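Here are the chains, one letter per residue:
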Amino acid sequence: MSAPASASPADSDLVRAARGLPVSRTPVWFMRQAGRSLPEYRELRAGTKMLDACQDPDLITEITLQPVRRHGVDAAIFFSDIVLPLVVAGVDIEIKPGVGPVVASPVRTVADVDALPDLDPDRLGFLETAVRRLVAELGATPLIGFAGAPFTLATYLIEGGPSKEHAGTKAFMYAEPEAWSRLLQKLSVSSSTFLRAQVDAGASAVQLFDSWAGVLSAADYAERVLPHSRAVFDGLGERDVPRIHFGVGTGELLPLIGDAGADVVGVDWRVPLDEAARRVGPGRSLQGNLDPAVLLADRKTVDREVRRVVEQAKAARGHIFNLGHGVLPETDPGVLTHVVELVHELTASSAHATTPGR
Ligand code: CP3
């Protein structure tokens, strides 16, 4: 994991690809790389609740490092959860195993919105400690900080837990436009505070997860959601770290996802990366987009699909190899390690030089 003294995360392949600069090989990491696909994670987490683990600097540090050690990925992602800033602010949320975040008192009225507590940055000392330790341990490997985007957080607060259609969320958005805007504005402030804390403690890039934004029409997204996601990025001010913005099922939203202030647009498996590059335009890099379910298939299929993604990504300004969504818990970790090796092998600079037509 440790690198030559001269190497720095700011000059890593991940940061360079995000900026559209030449890389030594395509950087790879996996959304949800830290977690239940790893036996060492399950062992360490045994007996500790998810949201307690997320506030323990020793556990955060170790769990974040596990996939970097095991797979040789090109970035670590801070072990936490998108609901953590709300939990730290005092909202009663539990993460139920196999279910996801469950909110004790869902937001149903304008008064509920006004009653949501703000996040006091002084309560993020545990995070600062963990990030500083991680940055010291990671050497030249960048740490990605992250936060949940206001819309996706609002779906949990309003529905009270995970939902498929997010109908209650949309109904609130249409019926209570002012309270909606106030809710998303509040959420953008807490997500921004959470991101700033990670960057100020040393994270080298950030990713904003708007996982469920794909349920919206482009018009609703542009008018009622995008300004609040942009506010999260704007809250980073002049901090010079690349910004990745990701959602699932966002094929129709890809140009807008970029417009919210991203250097890199994360793409799920539905849109091939050459088409995604066309939709996003020349000024942004792409991240993605192997279907996580492919990793459950035979090795030949895995290799064919990895090659296809790498090939289609050549249309992009820069490419960070990832899945189209998070690692499925039943994934064999050995396959993840294999994918890292294969992407590196396929894209090493010397391979580029000998690939006809480049
Ligand atoms: O490795 C990483 O990517 C870093 C850690 C991370 C977690 N959650 C840990 C986690 C990250 C980046 C997240 C983000 C997150 N959390 C998102 C956005 C990404 C996405 O998947 O779209 C969302 C929507 C959540 C909310 C959430 N938290 C869900 C839907 C779940 C899954 C429920 C389940 O048990 O399957 C969680 C729980 C969660 N977050 C786990 C982990 C490792 C599993 C908890 C456990 O191990 O007991």
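The present account deals with the structure reproduced in this document. (Residues numbered from 1 in each chain as written. Predicted model: local features only at pLDDT ≥ 70, side-chain atom pairs only at ≥ 80, totals over all residues. Heavy atoms only, no water.)

## Details of unusual backbone geometry
Thinking step 1. A cis amide bond links Gly-288 to the next residue, Asn-289, at an omega of -10°.
Thinking step 2. Positionally, Asn-289 belongs in strand β8 (residues 285–290).
Thinking step 3. Even without a glycine there, the phi angle at Arg-32 is positive, about 60°.
Thinking step 4. One non-glycine residue with positive phi stands out, namely His-166, at about 60°.
Thinking step 5. For His-166, the position within the fold is in the loop between α8 (150–159) and α9 (167–175). (Helix = DSSP H or I, 4+ residues; strand = E, 2+ residues; numbered from the N terminus.)

## Remarks on the sheet that holds strand β5 (residues 205–209)
Thinking step 1. The seven strands lie next to each other as β1-β4-β5-β6-β7-β8-β9, forming an open sheet whose pairing is parallel. Each edge of the sheet is formed by a strand with only one pairing partner; in this case those strands are β1 (76–77) and β9 (319–323).
Thinking step 2. Pairing geometry for strand β4 (residues 143–148) and β5, over five bridges, is parallel. Looking across to β5, one finds that Gly-145 is bridged to Val-206.
Thinking step 3. Contacting β4 and β5, helix α10 (residues 177–200) runs over the sheet at an angle of about 170° to β4.
Thinking step 4. Relative to the sheet, helix α13 (residues 273–280) contacts β7 (264–266), β8 and β9, its axis offset from that of β8 by approximately 150°. (Pairing = 2+ DSSP bridges. Contact = heavy atoms within 4.5 Å. Axes fitted to C-alpha atoms, helices over the stretch in contact; angles between N-to-C directions.)

## Description of the layout of surface pockets
Thinking step 1. As a volume, the largest pocket reaches approximately 1,300 Å³.
Thinking step 2. The wall of the largest pocket is formed by 38 residues, among which Arg-32, Arg-36, Met-50, Asp-81 and Gly-100 lie closest to the centre.
Thinking step 3. Of all the secondary-structure elements, those providing two or more residues to the lining of the largest pocket are α2 (39–45), β2 (93–96), β3 (100–103) and α8.
Thinking step 4. Tallying contributions element by element places α2 first for the lining of the largest pocket, with three residues. (1 Å grid on protein atoms, 1.4 Å probe; cavity = no way out; pocket = protein on both sides within 12 Å on 5 of 7 lines; lining within 4 Å. Points joined across faces, edges and corners; volume = space filled by probe spheres on them.)

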